[in-house]
Amino acid sequence: MAAYEAIEISVIFLHHTENPQGSYHAQASIEIGFGPLSEVQTAVGLEASMPCELVPVSASMMMDKVQLVIWYKEGNIKPIYTFDARMRPLHQGIHWADELVLKSKAHFHYDTNPPALRLRNVKREDAGLYRCRVDFHKSPTRNSRINLTVLVPPTHLTVLDDLGAAVADHTIGPYRELAAINITCLSSGGVPPPRVSWWKEHALLDDSFQVLPDGSVKNILHLSNLNRDDLHTIYTCQATNGHVVPPLSTYVKLELKLPPLYVRLQGLNHALVAGVRTQISCSSAGARPPPEIIWNKGGLLMRGASQTTSSDGNVTVSEVVFIPAPEDNGKIVTCSVTTETINGGAGLFLKDSRILDVKHAPIVSLSLGAPLDPNKLMNGSDVYLECDIRANPPIRKIEWFHNVSLIIFFFLSFFLPPIQLTPH
């Protein structure tokens, strides 16, 4: 006798349908309608453990022996699994399974807490209402129902930027300060449709979602008044339709266009020496993307600068090497950056400047005073000579020579006008 032949089926429904030939076809199925109900949730490909208590309901009969455990699944007229311990100890119980239903992936574990029928590599068709019937030697039969839900996790997440383009490298933007944007997370697959939510670190930002006609689910995150604090913020999209498997997630990092916070020129806080190679640098912080630093001296562009940016993109340093000349003394050296406006034009302009202090030896030039013409000088006429001197620091003494003879000298503490020499 097969194990299931001694089983009583509580409720049987006969469905009669008339075929084109005029005859009738009857189908029988079982409806599982009694016993306490518990919920078991699993996902496709995982294991399901459906509990079945093996102790009598009555506390006075706790030691009563289990005789037979029978498993039904709603929609099947026959049992799908039996554990027969009649006239034998539990460890010698006989297991039987309907392979058309369970496909060699079920086993009843009587010695676990709680005892359970375990299904391996669960498929969507394994979902349904199950009943466990336990017959004892003396105690009344005990029934329990298990509603097995089999989830199909979502398979793919796509993030779309505010233009509807898919984000491929987890980076979105760059956007300007005060901008308002929408970021869309689109989930594909999943039964039932998953809940799609947006998170910032561990804080939930938005759990409103919409199920589309094709079964996909979307959630649109609205961000407004973007500011410097939002730079490189990570926004995470999660899709989940149950607690059995971890949520499917993806993320995007927000990039912004930001003006620099400052521009600082370094290296010209002391006097320079004419003809000596000098290196100066200029740093700028806070700009996104890194700015181009422009140098000029005396209103003319300085070329040959090298520029580097820190690994985090926050600080940009430009260095330039030049050899100061005497004529550079008093000129202004400037480093500057210019940012764009929203419309692409010139926006914020930041600069830092220094006045060059170039030390050099006196540069002397001697000429006839105006309006004398060297080709028209006559013997005995007066001659005016002009001595032009450029020096840094200023000169303290001037000496005049005729051939090799010193003829006059001055110690200066003020500006000296041209000197008139009369020959004797």
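Each chain carries its own residue numbering, running from 1 in the direction its sequence is written. A pLDDT threshold of at least 70 governs which residues receive local features in this predicted model, and a stricter bar of 80 or more applies before side-chain atom pairs are shown or counted, although totals over entire chains, interfaces and linings include all residues. Side-chain metrics in this entry use all non-hydrogen atoms of the structure; hydrogen atoms and water are not considered.

**Focus: the pattern of salt bridges**
Okay, so step 1: Any Lys or Arg side-chain nitrogen found within 4 Å of a carboxyl oxygen on Asp or Glu counts as a salt bridge. According to the stated counting rule, one finds 9 salt bridges in the structure shown.
Okay, so step 2: Note that arginine 133 and aspartate 135 form a salt bridge whose closest N and O atoms lie 3.1 Å from each other. You'll find arginine 133 and aspartate 135 in the same group, each marked buried. For every residue, the accessible area (1.4 Å probe, protein chains only) is compared with the maximum for its type, and the residue is labelled buried under 20%, exposed over 50%, or partly exposed between those bounds.

**Quick notes on the confidence of the model for the protein**
Okay, so step 1: Looking at the protein, pLDDT values average 87 and 87% of them are 70 or higher.
Okay, so step 2: What pLDDT reports is the predictor's confidence in each residue, on a scale of 0 through 100. We call two residues in contact when some of their heavy atoms are within 4.5 Å. Predicted confidence is poor over residues 1-29, with pLDDT under 50, and the contacts of this stretch with residues over four places away or in other chains come to 41 contacts.

**Let's talk about the state of the cysteines**
Okay, so step 1: The criterion for a disulfide is a pair of cysteine sulfur atoms lying within 2.5 Å. Under the counting rule described, the total for this entry stands at 3 disulfides.
Okay, so step 2: A disulfide bridge connects cysteine 282 with cysteine 335, and the sulfur atoms are separated by 2.1 Å. Sign of the S-S torsion, about 65 degrees for the bond between cysteine 282 and cysteine 335, identifies this disulfide as right-handed. Taken together, the residues cysteine 282 in strand E23 (residues 278-285) and cysteine 335 in strand E28 (residues 332-340) connect sequence positions 53 residues apart. Note on conventions: DSSP H or I runs of at least 4 residues are helices, E runs of at least 2 residues are strands, and numbering of each starts at the N terminus.

**Thoughts on the side chain of serine 144**
Okay, so step 1: Note on placement: serine 144 falls in strand E11 (residues 142-151).
Okay, so step 2: Serine 144 gets classed as buried once you look at its relative accessible area, which sits at 15%.
Okay, so step 3: Other than its neighbours up to four places away in sequence, serine 144 contacts Gly35, Pro36, Pro51, Cys52, Tyr130, Arg131 and Cys132.

**Notes on the environment of tyrosine 384**
Okay, so step 1: Topologically, tyrosine 384 is positioned in strand E31 (residues 383-392).
Okay, so step 2: A relative accessible area of 36% places tyrosine 384 in the partly exposed class.
Okay, so step 3: As a C-alpha pair, tyrosine 384 and alanine 370 span 14 residues in sequence and 7.8 Å in three-dimensional space.

**Looking at the nonpolar core**
Okay, so step 1: Residues belong to a common nonpolar core when they are buried Ala, Val, Leu, Ile, Met, Phe, Trp, Tyr or Cys residues joined through side-chain atoms within 4.5 Å. In terms of nonpolar packing, the biggest core is built from 27 residues, with Val69, Trp71, Tyr81, Phe108 and Leu119 touching the most fellow members.
Okay, so step 2: Of all the secondary-structure elements, those providing two or more residues to this core are strand E4 (48-51), strand E5 (66-73), strand E6 (81-84), helix H1 (99-102), strand E8 (106-109), strand E9 (116-119), strand E10 (128-136) and E11.
Okay, so step 3: At 4 residues, E10 tops the list of elements feeding residues into this core.
Okay, so step 4: Excluding residues within four positions of it along the chain, leucine 119 makes contact with Leu46, Glu47, Ala48, Met50, Leu102, Lys105, Ala106, Asp126, Tyr130 and Leu148.
Okay, so step 5: Listed in part, the 21 residues of the second largest apolar core include Leu157, Tyr175, Val217 and Leu231.

**Focus on the pairing of strand E19 (residues 234-240)**
Okay, so step 1: Counted residue by residue, E19 has 5 buried out of 7 residues, so it is predominantly covered.
Okay, so step 2: Note that strand E15 (residues 195-200) and E19 share 6 bridges and pair antiparallel. Looking at the pairing, tryptophan 199 lines up with threonine 236 of E19.
Okay, so step 3: Here, any two strands with at least 2 DSSP bridges between them count as paired. For E19 and strand E20 (residues 248-257), the ladder comprises 6 bridges, and the chain directions are antiparallel. By the bridge assignment for E20, alanine 239 is matched with leucine 248.

**A few points about unusual backbone geometry**
Okay, so step 1: The linkage connecting asparagine 113 with the following residue, proline 114, adopts the cis geometry, with an omega of 0 degrees.
Okay, so step 2: Inspection of the secondary structure assignment puts proline 114 in the loop between E8 and E9.
Okay, so step 3: Of the consecutive residues asparagine 392 and proline 393, the connecting peptide bond is found in the cis state with omega at 10 degrees.
Okay, so step 4: Looking at where proline 393 falls in the secondary structure, it is placed in the loop between E31 and strand E32 (397-402).
Okay, so step 5: Residues other than glycine seldom take positive phi values, yet leucine 178 does so here, at roughly 70 degrees.

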